[in-house]
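Examination of the molecular architecture
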Amino acid sequence: MPSMNDIRFHIRSIKQTRQITNAMYLVSASRMRKALRRIEQNREYFYRALDTMKDIRVHTHVTSHPYLVHRPGGDKVAYVVIAGDKGLAGSYNHDVLALAEQSMRGKNVARVFPVGNMAAAHFLRTGLHVNTNFTHIVEEPSVNTARRMVTILMSLYDEGIIDELHVIYTRFDNSLHQKPVDVKLLPVELSDFQTDRDEHGFPGEMLYLPTAKDLFDALVPQFIIGYTYGAIVHAYASENRMRMTAMENATRSADEMTDKLTLRYNTMRQLSITNELAEIVGAANAFELKG
């Protein structure tokens, strides 16, 4: 049976742990708010590129661009898999990596680009062709880093080393719902991406200078840069939201444990005082009897 000193030590240890979990909650909350601002900033850029591509597609009927059609017999797939740099975020890393494993099953995986230490460690154990150059960008996502990654991915696609490009990440729908998703970026199927713009406002054809193909050559990489950067920021916001939940639960558990131990300590202390009083009274009575 633990002594009162043991219980005091446990209470002190739990309170120290509570301070850590509460601090992690506050830090994650700040990081999530920062990531959400970046999502809003990127949204306008992404949808402008998407609207322009759909506009060109509607008014020129371009259907044969290499970025828009699947290559006959092409089955070499590259994956960008975005997880976290560390744990303590509930099921965040497990869920996105489980989706990646499911998506890759039965596919000819030519390249894997893990973002986040947890994803890199997971895929390095699998024997796949893993590019770790972008492992550490999840904590500080930037458009320039996304541009460097997409430049490599587009060159692999242009050279025929890969035939499809997928990005797997956790999408931040709202503070209560974050969901791992698998999105195919190449070849681009514009119908997979929603936009509020009326695609059929002008039914006639338009002439573009340079040509529609040249415009797609320039726009598709920009579109993929915007989506890749947005995916990293979505994942970062989701990770911190799920870490907030985990730390909130840990802090609540620490408070409950502290209350239980405090009650137990007070009970033992009261029992000890009662026993001491009983001993004093007993000794006093014995002394009076002797007198």
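Now for a description of the structure that goes with this document. A quick note: this is a predicted structure, and the numbers were derived from the prediction, not measured. (Residues numbered from 1 in each chain as written. Predicted model: local features only at pLDDT ≥ 70, side-chain atom pairs only at ≥ 80, totals over all residues. Heavy atoms only, no water.)

Scanning the chain from terminus to terminus reveals 5 helices and 4 strands. Radius of gyration (C-alpha) of the chain: 30 Å, far over the 19 Å computed for a compact globule of 291 residues. Seen through its principal axes, the chain has C-alpha atoms that stretch 120 × 45 × 30 Å. The 291 residues of the chain split such that 44% are buried. For the chain, long-range pairs separated by at least 24 residues make up 77% of all intrachain contacts whose partners lie at least 6 apart in sequence. As displayed, the chain has an accessible area near 16,000 Å², and 55% of this comes from carbon and sulfur atoms. Positive and negative side-chain charges in the chain, numbering 34 and 33 respectively, have mean positions lying 6 Å apart. (Helix = DSSP H or I, 4+ residues; strand = E, 2+ residues; numbered from the N terminus. Rg over C-alpha atoms; globule rule 2.2 N^0.38 Å. Buried < 20%, exposed > 50% of the residue type's maximum accessible area, 1.4 Å probe, protein only. Contact = heavy atoms within 4.5 Å. Areas by Shrake-Rupley, 256 points an atom, 1.4 Å probe, with all protein chains shown as cover. Lys, Arg positive; Asp, Glu negative; His and termini not counted. Charge placed at Lys NZ, Arg CZ, Asp CG, Glu CD.)

Once that is clear, we can look at the side chain of Asp 85. Looking at the element boundaries, Asp 85 is found in the loop between β1 (76–82) and α2 (92–104). Contacts of Asp 85, omitting those with residues within four sequence positions, involve Gly 116, Asn 117, Met 118, Thr 135, Val 138, Glu 139 and Glu 239.

Put simply, Leu 186 and Pro 187 share a cis peptide bond, and its omega is -10°. Inspection of the secondary structure assignment puts Pro 187 in the loop between β4 (177–186) and α5 (212–290). Not every positive phi belongs to a glycine, and Leu 88 is a case in point at roughly 60°.

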